[in-house]
Amino acid sequence: MITIFNRKELFITYSLEKQAEIRNLLSAHKIEYTISTMGQHLASKFPGLWHNTLAQIEYKIYVKKKDYEKAVFFLNADT
């Protein structure tokens, strides 16, 4: 289980596709992760305010501190 006490931020993106790619990579290597999103509430309350509401959502991907180095290795190897 990942908590705020044992997690480390791995990646931040505004791209739905990029966060899905990272999720798939972490899952393939059996690395537990959690995602925090920010911005979707404002976008959903004011849908006409932005042309592309998906671009307004920030995705923060966290892994356990003990898995951070392994996750970075696989991220760098994938690019």
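Residues numbered from 1 in each chain as written. Predicted model: local features only at pLDDT ≥ 70, side-chain atom pairs only at ≥ 80, totals over all residues. Heavy atoms only, no water.

Caption draft 1: Representation of the nonpolar core within the structure. Of all hydrophobic cores here, the largest spans eleven residues; its members are Leu10, Ile22, Leu25, Leu26, Ile31, Ile61, Val63, Tyr68, Ala71, Phe74 and Leu75. Elements represented by at least two residues in this core include exactly α1 (16-28), β3 (58-64) and α3 (68-78). Tallying contributions element by element places α3 first for this core, with four residues. Among residues more than four places away in sequence, those in contact with Val63 are Ile2, Asn6, Arg7, Lys8, Leu10, Leu26, Ile31, Glu32, Tyr33, Tyr68 and Ala71. (Core = buried A, V, L, I, M, F, W, Y, C linked by side-chain atoms within 4.5 Å. Buried < 20%, exposed > 50% of the residue type's maximum accessible area, 1.4 Å probe, protein only. Helix = DSSP H or I, 4+ residues; strand = E, 2+ residues; numbered from the N terminus. Contact = heavy atoms within 4.5 Å.)

Caption draft 2: The packing of α1 against α3, seen in detail. Put simply, α1 and α3 touch, their axes get as near as 10 Å, and they point 120 degrees apart. Judged by the inter-axis angle, α1 sits oblique to α3. In this structure, α1 meets α3 at a crossing whose hand is right-handed. Note on element contacts: α3 touches α1 through Ala71, Phe74, Leu75 and Asp78, opposite Glu21, Ile22, Leu25 and Leu26. (Axes fitted to C-alpha atoms, helices over the stretch in contact; angles between N-to-C directions. Parallel < 35°, antiparallel > 145°, perpendicular 65-115°, else oblique. Left-handed = near helix turned anticlockwise from the far one by under 90°.)

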